[in-house]
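# Commentary on secondary and tertiary structure
The residues making up each chain are set out below.
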Amino acid sequence: MNYHFDQTLNRRATDSIKWDVKSNELPMWIADMDFPTAPEIVTAMQEKVRTGIFGYEEIPVDYFHAVANWYAQEHHFQIPTDWMLFAMGVMPATSSIIRHVTNVADNVLVQAPVYNMFWRTIESNGRHVVSNDLRYDPDTLTYSIDFADLAEKLADPATTLMILCNPHNPIGKVWSRNELMQIAKLCLDNHVTLLSDEIHGDLTLAGHDYIPINSLPPHLIQHTIATIAPSKTFNLAGLHASTVVIPNPTLRATIARGLSIEWLAEPNLLSVPGTIAAYTHGGDWLHALKGHVQANIDFTTQYLAENIPAIKVVPSEATYLLWLDCRALTHDSTKFARLLREKCGLVLSAGADYGAPGRDFLRMNVACPRVLLVDGLKRLKDGVPH
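A brief report on the enclosed structure follows. (Residues numbered from 1 in each chain as written. Predicted model: local features only at pLDDT ≥ 70, side-chain atom pairs only at ≥ 80, totals over all residues. Heavy atoms only, no water.)

## Here's the deal with the packing of aromatic side chains
The description of two aromatic rings rests on the distance between their centres and on the angle between their planes. Our working definition: For this analysis, a ring pair means two rings from Phe, Tyr or Trp (six-membered ring only for Trp) whose centres lie within 6.5 Å, classed as stacked if their planes differ by under 30 degrees, edge-to-face if by over 60, and tilted for the remaining angles. Relative accessible area decides the class of each residue, using a 1.4 Å probe on protein chains only: under 20% of the type maximum gives buried, over 50% gives exposed, and in between gives partly exposed. A positively charged side chain is recorded as over a ring if its NZ (Lys) or CZ (Arg) lies within 6 Å of the ring centre. The angle to the ring normal must also be within 35 degrees.
Counting across every chain of the model gives 15 aromatic pairs. Centroid distance Tyr115 to Phe118: 5.4 Å. Interplanar angle 85 degrees. Geometry classified as edge-to-face. A relative accessible area of 23% means that Tyr115 is categorised as partly exposed. Exposure remark for Phe118: the relative accessible area of 0% places this residue in the buried category. Taken together through their ring pairs, the aromatic side chains of Tyr3, Phe5, Phe35, Trp70, Phe234, Tyr279 and Trp285 make up a single cluster. The ring of Phe299 carries the charged tip of Arg370 above its face, separated from the ring centre by 4.5 Å.

Structure, rendered in structure tokens:
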């Protein structure tokens, strides 16, 4: 089936955060794809709207079965449905989890460069960010975990929560089972709760598959929480639907209570039918999407090698977000991103937004029709100092 991934849609003046830009600007920053979602999802939501009745909603058992079956099909792990809770988005759930498993002034550990909203929600909740910075090898353009540093920081009694990003945004890294087991064991030994943000888990690229944290051996997951959602996979962020997976019943009850008293467990009109349709009928669309994204990544990598060799693409194993090594051009990505926007109207994410280790990088969203990608790459070429 042709899903029209190269069809250009006008998203200006549609209340889109991504496209709230000047008329001459091209946004390639926030993790929002410029494709219509799977037609089966649209149909399911249209059928819901046609009822004309928009009362209070609850989560049916079919929702959790759809999540479980999807994970069995796509990731070879059947999540028990009684491990699952509904939440109105991964970041609302993350913020609530921080409030209910840590105390004010505790340390929450992340691995920079990492999703900038982790920093914001940790600090806005009165906790301190501690970073186990990822090690970067500029020769191989690869990242690894500094486990000695991780062990030291988890051993600090003030550190009570670690937020893991798997697959990792923005570097596109899929952590191996061995790496995940080491992380889980260190957290367990130091009585640190492990929250794994797995929102990009469905967007692994050819030759890669991510390992859900809850698929590790039972003795290593009693202190773990995973957050998953169809939002990045199917471009459904506006549905505000996610699933929180918690094997330990005591920890699950704590989180369930937090989500409930903060009114974060109430679905909106389309959350349930949209999610069920995505996980039940969206497989073919997703597989076609990943082929298009991989082609765009390959095109971008070749274009930069031929036209802007000073910018290197960090090889991505997942997501449609490319992490661009700009060390040969700048050590101030904030200034560089501002220059690109002012000079040629290209809107990219500054790597510094993801922590100090990202100061030499830019993040580019390539989930768009090829014509927009070509436009963006040409603007980047024009904006690079000669």
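## Let's talk about unusual backbone geometry
What counts is decided by this rule: Comment: elements are numbered from the N terminus, with helices defined as DSSP H or I runs of at least four residues and strands as E runs of at least two.
With omega at 0 degrees, the peptide bond leading from Ala112 into Pro113 counts as cis. Along the chain, Pro113 falls in the loop between β3 (107-110) and α4 (116-124). Between Asn166 and Pro167 the backbone carries a cis peptide bond, its omega angle lying at -5 degrees. By secondary structure assignment, the location of Pro167 is in the loop between β7 (159-165) and α6 (177-189). Its identity is not glycine, yet His76 carries a phi of approximately 60 degrees, on the positive side. Look at His76 and you get exposed, because its relative accessible area is 65%. The backbone of Asn235 shows a phi angle near 60 degrees, a positive value even though the residue is not glycine. The residue Asn235 is located in the loop between α7 (231-234) and β10 (242-245) in this model.

## Details of the pattern of salt bridges
Selection criterion: When a carboxyl oxygen of Asp or Glu lies within 4 Å of a side-chain nitrogen of Lys or Arg, that pair is called a salt bridge.
Overall, the coordinates contain 10 salt bridges when judged by the stated rule. Note that Asp34 is salt-bridged to Arg11, the shortest N-O span being 2.8 Å. With Asp34 in the loop between β1 (26-27) and α1 (39-50) and Arg11 in the segment before β1, the pair connects residues that are 23 residues apart, well separated along the chain. When sorted by exposure, Asp34 lands in the same class as Arg11, which is buried. Across the pair Arg341 and Glu25 runs a salt bridge, and its minimum N-O distance is 3.0 Å. Of this pair, Arg341 sits in helix α11 (residues 333-344) while Glu25 sits in the segment before β1; the two residues are 316 residues apart in sequence, bridging distant segments of the chain. Accessibility expressed as a relative area gives 5% for Glu25, which makes it buried. Several salt bridges converge on common partners, so that one network encompasses Arg11, Lys18, Asp32 and Asp34.

## So, the packing of α11 against helix α12 (residues 370-383)
For the record, the criterion: Every angle, taken between N-to-C directions, lies between 0 and 180 degrees, and every axis is a line fitted to C-alpha atoms, over only the stretch in contact when it is a helix. An angle counts as roughly parallel when it lies under 35 degrees, as roughly antiparallel when it exceeds 145, as roughly perpendicular when it falls between 65 and 115, and as oblique in every other case. Note on definitions: a residue-residue contact is assigned when non-hydrogen atoms from the two residues lie within 4.5 Å. Polarity classes work like this: nonpolar for Ala, Val, Leu, Ile, Met, Phe, Trp, Tyr, Cys and Pro, charged for Asp, Glu, Lys and Arg, and polar for all others, with Gly in that last group.
The geometry of α11 relative to α12 is characterised by a closest axis approach of 9 Å and an angle of 105 degrees between their N-to-C directions. By the angle between their directions, the pair α11 and α12 is classed as roughly perpendicular. Packed against α11, whose contacting residues are Leu339, Leu340, Lys343 and Cys344, the element α12 presents Arg379, Leu380, Asp382 and Gly383 at the interface. In terms of residue class, the contact of α11 with α12 is made up of four nonpolar, one polar and three charged.

## Considering the sheet that holds strand β11 (residues 312-313)
Sheets are built from strands that pair by backbone hydrogen bonding, the pairs being arranged parallel or antiparallel. Put simply, the test is: Only when DSSP finds a minimum of two bridges between them are two strands counted as paired.
The four strands lie next to each other as β11-β12-β15-β14, forming an open sheet whose pairing is antiparallel. Strands with a single pairing partner mark the edges of an open sheet, and in this sheet they are β11 and β14 (349-350). Bridging between β14 and strand β15 (residues 361-365) involves two bridges; their strand directions are antiparallel. Residue pairing across strands places Ala350 opposite Leu362, the latter belonging to β15. Across the face of the sheet, helix α10 (residues 283-307) comes into contact with β11, β12 (321-325) and β15 while running at roughly 15 degrees to β12.

## Things to note about the state of the cysteines
Working definition of a disulfide: a covalent bond connecting the sulfur atoms of two cysteines. Selection criterion: What counts as a disulfide here is a pair of cysteine sulfur atoms lying within 2.5 Å.
Summed over all chains, the structure comprises zero disulfides. Lacking any disulfide linkage, Cys187 is separated from the closest cysteine sulfur, that of Cys165, by 15 Å.

## Section: the environment of Ala337
Relative to the elements of secondary structure, Ala337 occurs in helix α11. Counting along the chain gives 175 residues from Ala337 to Met162, while the straight-line C-alpha distance between them is 30 Å. Not counting residues up to four positions away in its chain, the partners in contact with Ala337 are Leu346, Leu348, Ala350 and Leu362.

## What about the side chain of Asn296?
Condition: For the purposes of these results, a polar contact is taken to be a pair of N or O atoms within 3.5 Å, where, inside protein, one atom must be able to donate a hydrogen and its partner to accept one; residues adjacent in sequence count only when each atom of the pair is a side-chain atom.
Tracing the backbone through its elements, the reader meets Asn296 in helix α10. Only 2.9 Å separates the side chain of Asn296 from the backbone oxygen of Val366, close enough to count as a polar contact. There is a polar contact of 2.9 Å between the side chain of Asn296 and the side chain of Arg370. Non-local contacts of Asn296, meaning those with residues more than four positions away in its chain, are made with Val366, Cys368, Arg370 and Leu373.

## Some thoughts on the packing of helix α2 (residues 61-75) against α10
Basically, it comes down to this: Here a crossing is called left-handed whenever its near helix is offset anticlockwise from the far helix by less than a right angle, and right-handed whenever the offset is clockwise.
Running from N to C, α2 and α10 cross one another at 40 degrees; their axes reach a closest spacing of 12 Å. In terms of orientation, α2 lies oblique with respect to α10. As α2 runs across α10, the sense of the crossing is right-handed. Where α2 abuts α10, its residues Trp70, Gln73 and Glu74 lie against Gly283, Leu286 and His287. Tallied by class, residues from the contact of α2 with α10 come to two nonpolar, three polar and one charged.

Everything listed here is a matter of coordinates, which is why it stays silent on function.
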